[in-house]
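Here are the chains, one letter per residue:
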Amino acid sequence: MKRILIIVGSLRQGSFNHQLAALAEKALEGKAEVSYLDYSEVPLFSQDLEAAVPASVAKAREAVQAADAIWIFSPVYNFAMPGTVKNLLDWLSRSLDLSNPAAPSAIHEKVTTVSLVANGGHEETAAQYRSLLPFIRTKFVDHITMSRVNDSAWADGQFVASEDVLAALDDQAKALLDALA
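Residues numbered from 1 in each chain as written. Predicted model: local features only at pLDDT ≥ 70, side-chain atom pairs only at ≥ 80, totals over all residues. Heavy atoms only, no water.

**A word on the environment of Gln158**
Along the chain, Gln158 falls in the loop between helix 6 (153–156) and helix 7 (163–180). Residues Gln158 and Asn78, spaced 80 residues apart in sequence, show a C-alpha to C-alpha distance of 22 Å. (Helix = DSSP H or I, 4+ residues; strand = E, 2+ residues; numbered from the N terminus.)

This is the structure in structure tokens:
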């Protein structure tokens, strides 16, 4: 069975993106093993830290290398991907052999896809992922699910996905699995 690693771009407990990821997990049920990456302790990227890789970075790299695919669930912060996700991708995209910058990274050739939950800025943020993920040498599945936050979610903390969003997640899960075939 294929292994899908989910990266939730919001570190907030109960985030809307984590709730969407749980729905995607249901779409993958019986088709793939799903795990979540805890990258909350990954430090800000610095070449000064690269030679002695921090334990949190090594752990994140190991989880990525063990996965067959990466599914990122991203909020939109000021019409952009969150800095936490960009920082993580910076670490994951660095060569594992510091003497050869062109050598493979932990995320090299990994099948990746992205879903977004936000109140706006979807297209701008999707464009950033569409540009960045192929640049860092992933196999990007450009089948992005985009969802707005329902009005009641801000009051009760519960993201409610529309039937269209649930269908899009099912389609995206199929596209991701097809890319692994």
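Picking up where we left off.
**Some words on the packing of helix 1 (residues 16–28) against helix 7**
Look at helix 1 against helix 7: their axes get within 9 Å of each other, and the N-to-C directions meet at 60°. Our classification of the angle between helix 1 and helix 7 gives oblique. As for the relative orientation of helix 1 and helix 7, their crossing is right-handed in sense. Together, Leu20, Leu23, Ala24, Ala27 and Leu28 of helix 1 and Val165, Leu166, Leu169, Asp170, Ala173 and Leu177 of helix 7 make up the contact between the two elements. Of the residues that constitute the contact of helix 1 with helix 7, the class distribution is ten nonpolar, no polar and one charged. (Axes fitted to C-alpha atoms, helices over the stretch in contact; angles between N-to-C directions. Parallel < 35°, antiparallel > 145°, perpendicular 65-115°, else oblique. Left-handed = near helix turned anticlockwise from the far one by under 90°. Contact = heavy atoms within 4.5 Å. Nonpolar A, V, L, I, M, F, W, Y, C, P; charged D, E, K, R; others polar.)

**So, the side chain of Arg61**
Here Arg61 lies in helix 3 (residues 55–66). At 5.0 Å, Glu50 is the nearest oppositely charged side chain to Arg61, a buried residue that forms no salt bridge. When residues no more than four places from it in sequence are discounted, the contact partners of Arg61 are Val53, Trp91, Leu92, Arg94, Leu96 and Ala106. (Buried < 20%, exposed > 50% of the residue type's maximum accessible area, 1.4 Å probe, protein only. Lys, Arg positive; Asp, Glu negative; His and termini not counted. Salt bridge = Lys/Arg side-chain N within 4 Å of Asp/Glu carboxyl O.)

**Some thoughts on helix 5 (residues 122–135)**
With 14 residues, helix 5 should cover 20 Å at 1.5 Å per step; its first-to-last C-alpha distance of 20 Å lies within 8% of that length. Restricting attention to buried positions, one finds in helix 5 the residues His122, Thr125, Ala126, Tyr129, Leu132 and Leu133. Seen along its axis, helix 5 keeps its buried residues to an arc of 135°; they face one direction. Exposed and facing more than 90 degrees away from the buried side of helix 5 are Glu123, Ser131 and Phe135. Where helix 5 is buried, its residues touch strand 3 (69–74), helix 4 (83–93), strand 4 (111–118), strand 5 (139–140) and strand 6 (145–148). (Expected span 1.5 Å × (residues − 1). Arc of directions from axis to C-beta.)

**What to know about the packing of helix 3 against helix 4**
Angle between the axes and distance between the axes: these two values describe a pair of packed helices. Orientation of helix 3 relative to helix 4, taken along the N-to-C sense of each, is 75°, at an axis distance of 10 Å. In this view, helix 3 runs roughly perpendicular relative to helix 4, as classed from their interaxial angle. In contact with Val57, Ala60, Arg61 and Val64 of helix 3, helix 4 contributes Leu88, Trp91 and Leu92.

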